[in-house]
Amino acid sequence: IPKIFGIISIPQSSELIFGAEINNNTAERSITFDVHGINVEGKLTIGSDTCRMETSVTITLHGNRPQDAVSNVRHPTYKGISVTGTISLHGERFYRTWTRLAKTVEPGDSVIMLQHKVNWKPDQEIILVTTSMKDSREWHR
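Our subject in this report is the structure included herewith. (Residues numbered from 1 in each chain as written. Predicted model: local features only at pLDDT ≥ 70, side-chain atom pairs only at ≥ 80, totals over all residues. Heavy atoms only, no water.)

1. Comments concerning the sheet that holds strand β2 (residues 15–18)
In plain terms, the rule: DSSP calls a pair of strands paired once it identifies at least 2 bridges connecting them. By definition, any uninterrupted DSSP run of H or I lasting at least four residues is a helix, any uninterrupted run of E lasting at least two residues is a strand, and each is numbered from the N terminus. For helices, the fitted line uses only the C-alpha atoms of the stretch in contact; every axis is such a line through C-alpha atoms, and the angle between N-to-C directions lies from 0 to 180 degrees.
The parallel open sheet is built from three strands, whose spatial order is β2-β6-β9. Both edges of this open sheet fall to β2 and β9 (86–89), since each of them pairs with a single strand only. Recorded for the sheet is a direction-independent mean angle of 5 degrees between the axes of neighbouring strands. Strand direction decides the pairing type here: β2 and strand β6 (residues 43–46), joined by four bridges, are parallel. Residue Phe18 lies in a different strand from β6, and its bridge partner there is Ile46.

Dropping the structure here:
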């Protein structure tokens, strides 16, 4: 059972930094942060331009949806992240973020062929969208 923090406030003059703890020269596999909400007036930082976070970071927002959620609007930190400051997220880069299929995918296929090389990892989620209207370079100009 995770320890659930309440609403975490990062004041304007402060910064909350997530970094990978190094044990025996290997980074921990994941960082989990369980909260009811986060209020970022200062800065929330995960990784940096020069030191990208390759460890998985999971922020889980806890709480129940009130019965009167539509008529009685809650503060943005109620099971949410309110930002008037800065959030700086620098994770592992994946190239390309999208590509075209090199071959039609049929229902039940377990392999897809792509037009470009990618560095995607196993168990990452991918989304296939239709090109039923028209898929040509001229159409997208």
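2. Here's the deal with the nonpolar core
As a rule of thumb, soluble globular proteins bury nonpolar side chains together. Rules: Only buried residues count toward a nonpolar core. Its members are Ala, Val, Leu, Ile, Met, Phe, Trp, Tyr and Cys residues joined through side-chain atoms within 4.5 Å. With a 1.4 Å probe rolled over the protein chains alone, any residue whose accessible area is under 20% of its type maximum counts as buried; one over 50% counts as exposed, and the rest are partly exposed. We call two residues contacting when some pair of their heavy atoms lies within 4.5 Å.
With 10 residues, the main nonpolar core is built from Ile10, Phe18, Ile31, Phe33, Val35, Ile38, Val40, Leu44, Ile46 and Met53. Among the secondary structure elements, those contributing two or more residues to this core are β5 (30–40) and β6. When residues of this core are assigned to their parent elements, the largest contribution, five residues, is made by β5. Residue contacts for Val40: discarding those within four places in its chain leaves Ile10, Ile81, Ser82, Val83, Thr84, Gly85, Thr86 and Ile87.

3. Quick word on a nonpolar patch on the surface
Spelled out, the test is: Patch members must show over 30% relative accessible area and no salt bridge, and they are joined within 9 Å when carrying like charges or within 5 Å when they are nonpolar side chains of Val, Leu, Ile, Met, Phe, Trp or Tyr. Areas reported here follow the Shrake-Rupley algorithm with a probe of radius 1.4 Å; residue values treat only the protein chains shown as occluding. One side-chain nitrogen of Lys or Arg within 4 Å of one carboxyl oxygen of Asp or Glu is enough to make a salt bridge.
A cluster of nonpolar residues, Ile81, Val83, Ile87 and Leu89, forms a patch on the protein surface that exposes about 320 Å² of accessible area. Mapped by element, the contributors of at least two residues to the nonpolar patch are β8 (81–83) and β9. Looking at the element boundaries, Val83 is found in strand β8. For Val83, a relative accessible area of 39% corresponds to the partly exposed category.

4. Comments concerning the environment of Ile8
Its location among the elements puts Ile8 in strand β1 (residues 5–10). Residues Ile8 and Ile38, 30 residues apart in the sequence, show an inter-C-alpha distance of 4.7 Å. Every residue in contact with Ile8, bar those within four places of it in the chain, is listed here: Phe33, Val35, Gly37, Ile38 and Asn39.

5. Remarks on the environment of Ala102
Mapped onto the elements, Ala102 comes out in the segment after β9. Its relative accessible area of 49% is what places Ala102 among the partly exposed residues. Separated by 14 residues in the primary sequence, Ala102 and His116 place their C-alpha atoms 8.4 Å from one another. Among residues more than four places away in sequence, those in contact with Ala102 are Met113, Leu114 and Gln115.

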